[in-house]
Every structure is written in C-alpha cells, then in structure tokens.
Amino acid sequence: MIQGLRYRRFSGVAWFWALSLVIAPLLYVVIISFMSRGAYGGVVWTMTLDNYLRIAEPDNLAILGASLTRSVGLAFVTTLMCVAVGFPLALFLVFRSGRFRQALFFLLIIPFWTNFLIRTYAWMVLLSDNGWINHLLEKIGFGPQALNWLFTPQAVLIGMFYNYLPYMAMSLYVSVEKLDPKLLDAAADLGAGPLKRFFKVIVPLCGPGLAAGSIMVFIPAMGEFVIPDILGGGTSLFIGNLLAQQFLVVRHWPYGAALSVVLMVLVGVCIALFEKYGNGSKEDLLA
Amino acid sequence: MKRLLEGLGVFLIYGFLFLPMVVLVTLSFNKAPRGITWEGFTLDWYSKLLNDQGILDALNNSLEIAFWTTVLSSLIGVAVGITKVRVPGWRGLGISKLASLPILLPEIVQGLSLLCFFVLFAIPLGKFTVVISHASFGSAYVATLVRARLKAMDPLLEEAAADLGAHERAVFIKITLPQLWPAVISGALMVFTLSFDDFIVSFFTAGVGATTLPLKIYSMLKFGVTPEVNALSALILVVSLLLVTVAFWHQRTKVAEGA
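For every chain, the first residue of the written sequence is number 1, and numbering continues from 1 along that sequence. Chains and ligands are labelled sequentially in the order written, the chains with letters from A and the ligands with numbers from 1. Residue-level local features of this predicted model are given only where pLDDT is at least 70; pairs of side-chain atoms are given and counted only at 80 or more, and the full residue set underlies all totals for whole chains, interfaces and linings.

Engineer: Give me the overall build of chain A: which residues, what numbers.
Structural biologist: Secondary structure counts use DSSP, requiring at least four H or I residues in a row for a helix and at least two E residues in a row for a strand, with both numbered from the N terminus. Tallying secondary structure elements over chain A gives 14 helices and two strands in all. Over its C-alpha atoms, taken along the principal directions, chain A stretches across nearly 75 × 70 × 35 Å. Here chain A, with 287 residues, has 42% of them falling under the buried criterion. What counts as a contact is two residues whose backbone-derived C-beta atoms lie within 7 Å of each other. Contacts in chain A between residues at least 24 apart in sequence constitute 68% of all its contacts with a sequence separation of at least 6. Partly exposed residues are those whose C-beta has more than 12 but fewer than 20 other C-beta atoms within 10 Å; with 20 or more the residue is buried, with 12 or fewer it is exposed, and the C-beta atoms are placed from the backbone.

Engineer: Residue-level account of the overall build of chain B, with values.
Structural biologist: Each helix and strand counted, chain B has 12 helices and zero strands in total. Secondary structure of chain B in N-to-C order comes out as α-α-α-α-α-α-α-α-α-α-α-α. Taken along its principal axes, the extent of the C-alpha atoms in chain B is 75 × 65 × 30 Å. By sequence separation, contacts in chain B at least 24 residues apart represent 77% of the contacts at least 6 residues apart.

Engineer: Explain the packing of helix α3 (residues 58-96) of chain A against helix α12 (residues 239-249) of chain A to me, using residue names and the numbers behind them.
Structural biologist: All names here are of chain A. Under this scheme, a helix contributes an axis fitted over its contacting stretch, all axes are lines through C-alpha atoms, and angles between N-to-C directions fall in the 0 to 180 degree range. Running from N to C, α3 and α12 cross one another at 130°; their axes reach a closest spacing of 7 Å. Considered as vectors, α3 and α12 are oriented oblique to each other. Between α3 and α12, the contacting residues are Ser67, Leu68 and Ser71 on the first element and Ile239, Gly240 and Leu242 on the second. Counted by class, the contact of α3 with α12 contains three nonpolar, three polar and no charged residues. Each angle receives one of four descriptions, namely roughly parallel if under 35 degrees, roughly antiparallel if over 145, roughly perpendicular if within 65 to 115, and oblique otherwise. Lys, Arg, Asp and Glu make up the charged group, whereas Ala, Val, Leu, Ile, Met, Phe, Trp, Tyr, Cys and Pro make up the nonpolar group; the residues left over, Gly among them, are polar.

Engineer: Please set out the interface of chain B and chain A residue by residue, giving values where relevant.
Structural biologist: Every contact between the two is made by 73 residues of chain B and, on the other side, 70 residues of chain A. At 13 residues, helix α1 (residues 2-28) of chain B tops the list of elements feeding residues into the side of chain B that touches chain A. Taken together, the residues that form the side of chain B that touches chain A break down as 52 nonpolar, 12 polar and nine charged.

Engineer: Describe the packing of helix α5 (residues 116-127) of chain A against helix α11 (residues 213-222) of chain B, and please don't skip the residues or the numbers.
Structural biologist: Where α5 of chain A contacts α11 of chain B, the axes come no closer than 9 Å and their chain directions differ by 20°. Comparing the axis directions of α5 of chain A and α11 of chain B gives the class roughly parallel. Seen along the crossing, α5 of chain A lies across α11 of chain B with a hand that is left-handed. Seen from α5 of chain A, the contacting residues are Leu117, Ile118 and Tyr121 of chain A; seen from α11 of chain B, they are Pro214, Ile217, Tyr218 and Leu221 of chain B. A class-by-class count of the residues in the contact of α5 of chain A with α11 of chain B yields seven nonpolar, no polar and no charged. For any pair of crossing helices, the crossing counts as left-handed if the nearer helix is rotated counterclockwise from the farther one by less than a right angle, and right-handed if it is rotated clockwise.

Engineer: Please give an account of the environment of Leu80 of chain A that cites residues and values.
Structural biologist: Here Leu80 of chain A is to be found in helix α3. Linking Leu80 of chain A and Gly209 of chain A, residues 129 residues apart in sequence, is a C-alpha distance of 14 Å.

Engineer: So what's going on with the domain arrangement of chain B? Which residues, and what values?
Structural biologist: What marks off one domain from the next here is an automatic or database domain assignment. Each domain of chain B was delimited in the assignment, giving domain 1 (53-224) and domain 2 (235-259). Between the C-alpha centres of domain 1 of chain B and domain 2 of chain B the distance comes to 22 Å.

Engineer: Break down the nonpolar core for me, with residues and values.
Structural biologist: Judged by nonpolar contacts, the single largest core of 141 residues is most densely connected at Tyr164, Ala169 and Leu172 of chain A together with Leu112 of chain B. Here this core gets 15 residues from one element, more than from any other, and that element is helix α7 (residues 153-177) of chain A. The residues touching Leu112 of chain B, leaving out its near neighbours within four places in the chain, are Val29, Leu243, Phe247, Gly256 and Ser260 of chain A together with Phe204 of chain B. Here, a nonpolar core means buried Ala, Val, Leu, Ile, Met, Phe, Trp, Tyr and Cys residues linked by C-beta atoms lying within 7 Å of one another.

Engineer: Go over the confidence of the model for chain A with me, naming the residues and quoting the values.
Structural biologist: Residue and element names in this part refer to chain A. Averaged over all residues, the pLDDT of chain A is 86; the fraction at 70 or higher stands at 95%. Averaged pLDDT values for the elements of chain A fall to 47 in helix α14 (residues 282-286) and rise to 94 in helix α1 (residues 8-32). Summary of the metric used: pLDDT quantifies the predictor's per-residue confidence within the range 0 to 100. Note that pLDDT drops below 50 for residues 281-287; the model gives that stretch 21 contacts with residues more than four away or on any other chain.

Engineer: An account of helix α9 (residues 194-205) of chain A is needed here, citing residue identities and associated values.
Structural biologist: The length a helix should cover is 1.5 Å for every residue beyond the first. Taking 1.5 Å of rise per residue, the 12 residues of α9 of chain A would be expected to cover 16 Å, and the 15 Å separating its terminal C-alpha atoms lies within 8% of that figure. With zero of 12 residues buried, α9 of chain A lies mostly on the surface of the structure.

Engineer: Lay out unusual backbone geometry with the relevant residues and their values.
Structural biologist: Non-glycine residue Arg251 of chain A carries a positive phi angle of around 55°. On the basis of neighbour counts, which here come to 15 C-beta atoms within 10 Å, the residue Arg251 of chain A falls in the partly exposed class. We note that Ala122 of chain B has phi near 55°; this positive angle belongs to a residue other than glycine. Residue placement: Ala122 of chain B occurs in the loop between α6 (107-120) and α7 (127-152). The exposure class of Ala122 of chain B is exposed, given the 6 C-beta atoms found within 10 Å.

Engineer: How would you explain the confidence of the model for chain B if you had to name every residue and give the values?
Structural biologist: Of the residues in chain B, 95% reach a pLDDT of 70 or more, and the chain-wide mean stands at 88. The ipTM value of the predicted complex is 0.87, and its pTM value is 0.87.

Engineer: Kindly report on the environment of Thr129 of chain B, identifying the contributing residues and their values.
Structural biologist: Residues and elements named next belong to chain B. Take Thr129: it is sitting in helix α7. A sequence separation of 85 residues divides Thr129 from Pro214, and the C-alpha atoms of the two residues are 16 Å apart. Discounting residues that sit within four places of it in the chain, Thr129 has contacts with Phe118, Ile123, Thr205 and Gly207.

Engineer: Kindly report on the environment of Leu91 of chain A, identifying the contributing residues and their values.
Structural biologist: Looking at the secondary structure, you find Leu91 of chain A in helix α3. Residue classification places Leu91 of chain A among the partly exposed positions, given that 19 C-beta atoms sit within 10 Å.

Engineer: So what about α6 of chain B? Which residues, and what values?
Structural biologist: Because each turn of an α-helix spans 3.6 residues, side chains separated by three or four positions end up pointing in the same direction. Residue and element names in this part refer to chain B. Its 14 residues give α6 an end-to-end C-alpha distance of 20 Å, which sits within 8% of 20 Å, the value for a rise of 1.5 Å per residue. In terms of burial, α6 is a largely internal element, 12 of the 14 residues being buried. Positive phi appears at Ala122, one or two residues downstream of α6, with a value of about 55°.

Dropping the structure here:
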C-alpha cells in the first residue's frame, strides 16, 4: 500500500454512508420484524415473535407461498427468455455486425434510457383489445380482437422481458467482446461443430457475463411489482405487491418487515448461488 | 440463407425494442383522444401538456431531486471507490463488500427500509428524503465506475507524489482526481438518469409534497390515461436520445484522442 497515504477522510465518508444509509435501514427492518404493531399502525417497542408466527398460519402461508412462487417463477422465466435472446444477439453484435456494431449497440441501449413506466405503458397500448397488434392480426385475417392479452400473465411476461433484456444483452456483450476468436477457430479446426463450440467454448468463457446478467435480471425481477400491476391489472399478487400493500395500505409494518426479511433471505441465497457458480466475485461482475 | 435468417432475427429483436417507442410518438400526434385509429395530425396534446401545472411541478421536482442526488452521489461515490481500492485492511475490504448491497438488493427492499428509517427519526417525507434515498443507491453506482478506473490507474504516480512530499490532499487534487474525471462524469450521468427515472424507491420515500415525474405518470396510468401521456413520453424519448447521443459521441471522441 501507498506509504503515507491512508485516505482516512475518504474511508470515513464511505463508512458513514455504508452504515447510516445502507446497513442501518436494513437492520432496522429486521428489528421491527420482531416488534408489535401499535393501535394506529405505528411500531410498538415490545419484543414478539408474532409476526413470524403469523406468516406460519396456513392462510397467510398460502398467500406468501403463492406470491413467492409467482415472483420466483416470473423472475426465472424472464431470465431464461433474456438469455435465450440476449446471447445470440450479443454473439451477432460482436462477430457478425461488422461496421454496424457500434451503431447497433447504441440502438440497443436507447429504449433503456426512457422511463420504464412509459415503456410499460406503451405495451399496454399495444396489447389492448383495440391496440395495434389486434388491428394487425385482424388485417391478416384473424378476426376482430383476436388477442386478449392485456391484464394476463403473458402481458406481464412481455413487459418483463422487454424491460430486462437490455441488461442481459449488455453484460453478455461485454463478456463476448473479451472472447478470443482464435479459440473458436481452434475448436473448429479440431472438429467441433457450432453447437459444441457454443457450449464448450463460448458458454464457459462467458460465465461471468452470464452470471452478472442473471443477477441483474433475476433479483430485481423477483422484487418487481409495478409491471405486474400495470400489465397484469393487479389481478395476481407478487411478493412485491404483498410488501407494498403491508407498508403503504394495511400499514402493518412489523408484519411487512417480517415478510421483507423472508425476501431478503431469499435474495441472499440467490446471490450466494450466482457467486458460487458464476466463477468470479460480484464486485468484478458489476464493475 | 443463414445470413438472411440471422439478419431477420436481429431485425425482429430491434423491431420489438422500438415498436413501443414508435407507437407512443405516433399517438402523441394523433387527433383521436381515445383509441388508436389515425384521425389526423395535431399538436394539441403537446400544448395541453405544457399547460398542465401538475406535470410541470412533477418535472420540476424530478429535476431538482436528480440534481442534488447527482451531486451527493458523486461526492460519496468517489470516497467509496477510493476506499474500496486504496484503503488497506478491513476498512477497505468491508466497504467493498457492503457497497454492492444497494446494487444487488431489490429496490422495494431499499425503499421500504428507508421509509421505516425516516419515520423512526421523525424526518418528514419530501424531496429531502427522496434525495437521501436516491443517493443511498446512486453512490454505489458511482463507486463501481470509480473503482474500475482506479484499478486501471498506476498507483505509483500517487506514491511518487507522496514521496516527493505532497500531502494527501495535494495528491488527491493534483494526481488522483484528474485521472478519475471520466469515471466521475459517466457516474454522474448514470446517477442522474437513475434518479430521474426511479419509481419504486420514490414511491416509498416521497410522501405527499414531492411527487416526481414517474410518480405522476404512475398515477396517470392508474387513474385514466390521456393522450398527454403520449406527448410526455415522446418528449422524454427525444431528450434522452439527445443525451445518449451526446454521451456516446463524447466517449467516442475521447477514444479517438487516445485518452
């Protein structure tokens, strides 16, 4: 380390930020998950396990289970779709797009710079019964209002895929860009077909990009509640809806806190798994 | 043939990405107040938009919040980045671990925990709490860029300056900061858009008086959409397009200059 340079002030600021704005609020949520609810919705400082016991009640457990399953399932399918489209796209951009490479990469991030509510609203317009997609389908002979997808799980999935694809495509692009094309030539010379080259050379070498992309898609997707709210019509509860409801509508904060502890644990497990199988620390993935 | 299929696939993906944008821009010029059939060109929705005090106030709030968030996050983010790379022992390592939390945790968890925290200290919800909340995650994003830049910099330069008698402050201002600028600028740009776009964290921490543009849009979506939203979307699209183009061009000329 650098002699005489200890950066005390910088580390002071950094620790102040980390402790007061990152750790303390999270810790506080854990603490109030063990407290009781006051008569008017506040937090009363008496220790209790009631909130966790309440989660364990069959009715509540069923709701939590269903919404968690829905959230994890949606996040999983979204991630898969993003990989399925993002990987070929990244490969195309790096190896085949030639002089259009920069322009195409640029185009990829443009939609990502508009507000995500607006992007999601656009899909509401497109998918509505009188929307463009239905008009197009009618023109090619599918009859009027052939597609009733707005406020269905399909609409939610389209919205999720649309919003998260750029994250996956970008982190895969960065990874594929670092790939040495000579390795692919070597594999081809030694008789590996395109599929084998993809799975034996490209996928292992792009592991960190794949893991980074998956973290960036899967984890926020798991907590997502706005897209299901807008495109799904709020008909089915996701874990995010459940939390928002407890904190902003029902105002049972200790119970909501207990539910968010459950989500935090789940997120922690996912991060640990991605780190374990993504070969590389998350710090390197994100930088 | 294979080339053709490839091209078609890529064309479809980009079509999928841009279809919603095309729809919104087209509809923003459409006379029909409801429905999507073309009834002629109009600029009415734009003039309505510019006279809608609610939207203008929300825009104003968003810009103000994004500005202060950017200032605060850039300052904290530089400190966090330097601590990650240059501070030895647990002080540096601990920050390296903790600073990725705001990027990794779902926004809803951050939003609700910050809400609880503000209420604990009886801090009234408003623009101030939104700025603090946005800076909580914004600093982490600036820090990752600063860290990457620092890792690519030669620490010997700072060491040499210190050996030659420069104090810590002088080393930072004359050696470290000039090399860090590109990372700070891109970090600031990134945080500005993150803050300007943020819905979830603001949803929890804004309270009544600090309706930001995304919060306003959300309530418009929930309680009756008017074509004004289309006009607003088109305007936001054009402005972000300009910003991205400038940022991209800036980066390219920098690369061309070999910096």
